[in-house]
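Chain residues, written in single-letter form:
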Amino acid sequence: MKIVVKIGGKNIDFKNEDYFRVLAQLVKEGIRLALVHGGGPQITKFLEKEGRESQFVEGLRVTPPQDMEITEMVLSGLLNKMLVGIFHRQGIPACGISGRDGFLLEGEKYYPASGDRKVDLGRVGEVKKVNPRLVHVLWEGGFLPVISPIAADREGESLNVNADWAAARLAVALQADKLFLFSDVPGVLRDVEDRDSLIEVLSWAEIEILKEEGKIRGGMIPKIEMAEEALRGGVKEVFIGEGKEMENLPLFLAGGKMRGTKVVL
Ligand SMILES: Nc1ncnc2c1ncn2[C@@H]1O[C@H](COP(=O)(O)OP(=O)(O)OP(=O)(O)O)[C@@H](O)[C@H]1O
Ligand SMILES: [Mg+2]
């Protein structure tokens, strides 16, 4: 079985390595896991140290060229290697790469439309093409790929891509069986303020309504858009849940339940 797991920056709690013990166990059992990570809060923290503010448009971080260096250092350096360390301590030969390695993620600058004008978000990219060969090579060699969401443009320069985009497009390219997007919320909520308002099964028709009502905002927008794309692209199951639910992943993969939102077409 091939699975892609994305963990949000808010979930990377390095003090609690138990979090990752379950993923390590799955790898030991022979599941082909590709782990994609975000890092929003950590990037914000390091930018603040430099006196720079973080701005978001549609859940995407505005990344002026002068912020790109810090963004890449935090994602592909600090966080990526911290994760690799966690897996190494659990006996898993993790290999930390970014989307720039091996032409894994080819990107282009992304311009969200606002009316009839294009908004320039700086070095924010979208993933145009995924070349998953490196992931296959790592799997064949017995390594766990840990992937930071940085893509390369035509010139080989780095682009900051939303980690949900990276994970979903990678899942399609790998024809993964399942895609899991773990974040700091129990799943898609009817009311963001109410953690009990979890929507367990979310259909595309309902997503459109929630979006129109303004109930899906910020960082949840890329997640649900990518959930749909992944399903249409051949991934059989997409699940949005809270990081701590990773504990129940083995149970879920064996046919059991896990708290979160299953997105269906
Ligand atoms: N309807 C909704 N249900 C749940 N969360 C929502 C909803 N609308 C907006 N959100 C927001 O989406 C956020 C999750 O996305 P966010 O981008 O902040 O985190 P992430 O993707 O896990 O981390 P990273 O961006 O670092 O990868 C939640 O913290 C919540 O505030
Ligand atoms: Mg996000």
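These remarks concern the structure in this document. This structure is a prediction, so every number in the text was calculated from the model and none was measured.

1. Some words on a negative patch on the surface
1) Next: The grouping of Asp-191, Glu-193, Asp-194 and Asp-196 at the surface amounts to a negative patch.
2) Next: Residue placement: Glu-193 occurs in the loop between strand 13 (178-183) and strand 14 (201-203).

2. Some thoughts on the nonpolar core
1) Next: Of all hydrophobic cores here, the largest spans 53 residues; its most connected members are Val-4, Leu-170 and Leu-179.
2) Next: Listing elements by their share of this core, those giving two or more residues are strand 2 (32-37), strand 9 (125-130), helix 4 (133-140), helix 5 (163-174), strand 13, helix 6 (204-212), helix 7 (220-232) and strand 15 (237-242).
3) Next: Considering every element that reaches this core, the biggest residue donor is helix 5, with eight residues.
4) Next: Sequence-distant contacts of Leu-170, defined by excluding residues within four places in its chain, comprise Ala-34, Val-36, Leu-104, Val-130, Val-135 and Ile-147.
5) Next: Counting residues in each nonpolar core, the second largest holds 38 residues, with Ile-31, Met-68, Met-246 and Met-258 among its members.

3. Some details on the sheet that holds strand 10 (residues 144-148)
1) Next: Strand order across the open sheet formed by eight strands is 5-10-2-1-13-15-16-14, with mixed pairing between neighbours. The open sheet has two edge strands, strand 5 (94-98) and strand 14, and neither has a second partner. On average, adjacent strands in this sheet sit at an angle of 20 degrees to one another, irrespective of strand direction.
2) Next: Across six bridges, strand 1 (residues 2-7) lies against strand 2 in parallel orientation. Following the sheet pairing, Ile-3 is matched in strand 2 by Leu-33.
3) Next: Those strands touched by helix 6 are strand 14 and strand 16 (261-264), and its axis lies near 80 degrees from that of strand 14.

Rules used throughout
Residues numbered from 1 in each chain as written. Chains lettered and ligands numbered in written order. Predicted model: local features only at pLDDT ≥ 70, side-chain atom pairs only at ≥ 80, totals over all residues. Heavy atoms only, no water. Patch = residues over 30% accessible without salt bridge, like charges linked within 9 Å, V, L, I, M, F, W, Y side chains within 5 Å. Areas by Shrake-Rupley, 256 points an atom, 1.4 Å probe, with all protein chains shown as cover. Salt bridge = Lys/Arg side-chain N within 4 Å of Asp/Glu carboxyl O. Lys, Arg positive; Asp, Glu negative; His and termini not counted. Charge placed at Lys NZ, Arg CZ, Asp CG, Glu CD. Helix = DSSP H or I, 4+ residues; strand = E, 2+ residues; numbered from the N terminus. Core = buried A, V, L, I, M, F, W, Y, C linked by side-chain atoms within 4.5 Å. Buried < 20%, exposed > 50% of the residue type's maximum accessible area, 1.4 Å probe, protein only. Contact = heavy atoms within 4.5 Å. Pairing = 2+ DSSP bridges. Axes fitted to C-alpha atoms, helices over the stretch in contact; angles between N-to-C directions.

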